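Descriptive analysis of the structure
Chain residues, written in single-letter form:
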Amino acid sequence: TRQHARRWPAERMPFGESTPFILIARCHVKQDCLAAYLEAAEVADKAVKESEPGMLHHTFDQDPTDPLAFTWSEVYKDDASLLVHLTNPPLVKFVEQHGEMGDDFSVEIYGTIAPATKEACNALPFPVKYFDTKFGYSRVA
């Protein structure tokens, strides 16, 4: 049988390095690189699926008003899963490819992550914005 989600009063929900969170990565592609970029993104997506069990959700979504704008929508099991992702060779290769084929990239993280994880993210070659959790619950994982 399926277990019920563990419930805490809002002020006691222990959000932090061992709880799930959402990462949104917004990217924009150079006009003449679209086909190659989509191919690189699909290769990266398949590699992440095969090598990162802590990545619970990973989609590449197209903006409805700009055919060159895309969003990676990602849900991580915990901070350790993000740290694996940041050093995963196929992802590192994709970030390098974006540098050649893209003209904008930014990340937003929704959920509380540890200071050490933020430090790792701050070393990335693009802006990262953090939205720490104030209250709520998660039924993920």
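Below you will find a few notes about this structure. All values reported here derive from a predicted model rather than from experimental measurement.

1. Concerning empty space enclosed by the protein
The probe, sized like a water molecule, is rolled over the atoms to show the empty space still left. Counted by the stated rule, this structure contains 1 cavity of 30 Å³ or more. Of the pockets and cavities examined, the largest cavity occupies roughly 180 Å³. For the largest cavity, the lining is made up of 18 residues, of which Glu74, His85, Leu91, Phe105 and Phe126 are closest to its centre. Its residues assigned to classes, the lining of the largest cavity shows 15 nonpolar, 2 polar and 1 charged.

2. With respect to the packing of aromatic side chains
Across all of its chains, the model carries 8 aromatic pairs by this definition. Seen from their ring centres, Phe60 and Phe70 are 4.7 Å apart, and the 10° between their planes marks the pair as stacked. Placement of Phe60 in strand 2 (residues 55-62) and of Phe70 in strand 3 (residues 69-76) is noted, with a sequence separation of 10 residues between them. When the ring of Phe60 is compared with that of Trp72, the centres are 4.5 Å apart and the planes differ by 50°; the resulting orientation is tilted. Taken as a pair, Phe60 in strand 2 and Trp72 in strand 3 lie far apart in primary sequence, 12 residues in all.

3. Points about the sheet that holds strand 5 (residues 128-131)
By way of backbone hydrogen bonds, the strands of a sheet pair with one another, either parallel or antiparallel. On the basis of which strands lie adjacent, the open sheet formed by 5 strands has the order 2-3-1-4-5 and mixed pairing. Every interior strand has two partners, whereas the edge strands, strand 2 and strand 5, have only one. Each strand of the sheet is rotated relative to its neighbour by a mean of 15°, with strand direction disregarded. The sheet strands contacting helix 3 (residues 89-101) are strand 1 (21-29), strand 3 and strand 4 (102-110), and the helix crosses strand 4 at an angle near 135°.

4. A look at the packing of helix 1 (residues 34-51) against helix 3
One way to put it is that helix 1 packs onto helix 3 with a least axis distance of 9 Å and a crossing angle of 165°. By the angle between their axes, helix 1 is roughly antiparallel relative to helix 3. Relative to helix 3, helix 1 is oriented so that their crossing is left-handed. For the pair helix 1 and helix 3, the contacting residues are Ala36, Tyr37, Ala40, Ala41, Ala44 and Ala47 in the first and Pro90, Phe94, Gln97, His98 and Met101 in the second.

5. Overview of helix 3
For helix 3, which comprises 13 residues, the first-to-last C-alpha distance of 18 Å matches the rise-based estimate of 18 Å (1.5 Å per residue) to within 8%. Those residues of helix 3 not exposed but buried are Leu91, Phe94, His98 and Met101. All buried residues of helix 3 project into a common sector of 85° when viewed along the axis, lining one side. In helix 3, the exposed positions angled more than 90 degrees off the buried face are occupied by Pro89, Glu96, Gly99 and Glu100. On its buried face, helix 3 is in contact with strand 1, helix 1, strand 3, helix 2 (79-87) and strand 4.

Basis of the calculations
Residues numbered from 1 in each chain as written. Predicted model: local features only at pLDDT ≥ 70, side-chain atom pairs only at ≥ 80, totals over all residues. Heavy atoms only, no water. 1 Å grid on protein atoms, 1.4 Å probe; cavity = no way out; pocket = protein on both sides within 12 Å on 5 of 7 lines; lining within 4 Å. Points joined across faces, edges and corners; volume = space filled by probe spheres on them. Nonpolar A, V, L, I, M, F, W, Y, C, P; charged D, E, K, R; others polar. Phe/Tyr/Trp six-rings, centres within 6.5 Å; stacked < 30°, edge-to-face > 60°. Helix = DSSP H or I, 4+ residues; strand = E, 2+ residues; numbered from the N terminus. Pairing = 2+ DSSP bridges. Axes fitted to C-alpha atoms, helices over the stretch in contact; angles between N-to-C directions. Contact = heavy atoms within 4.5 Å. Parallel < 35°, antiparallel > 145°, perpendicular 65-115°, else oblique. Left-handed = near helix turned anticlockwise from the far one by under 90°. Expected span 1.5 Å × (residues − 1). Buried < 20%, exposed > 50% of the residue type's maximum accessible area, 1.4 Å probe, protein only. Arc of directions from axis to C-beta.

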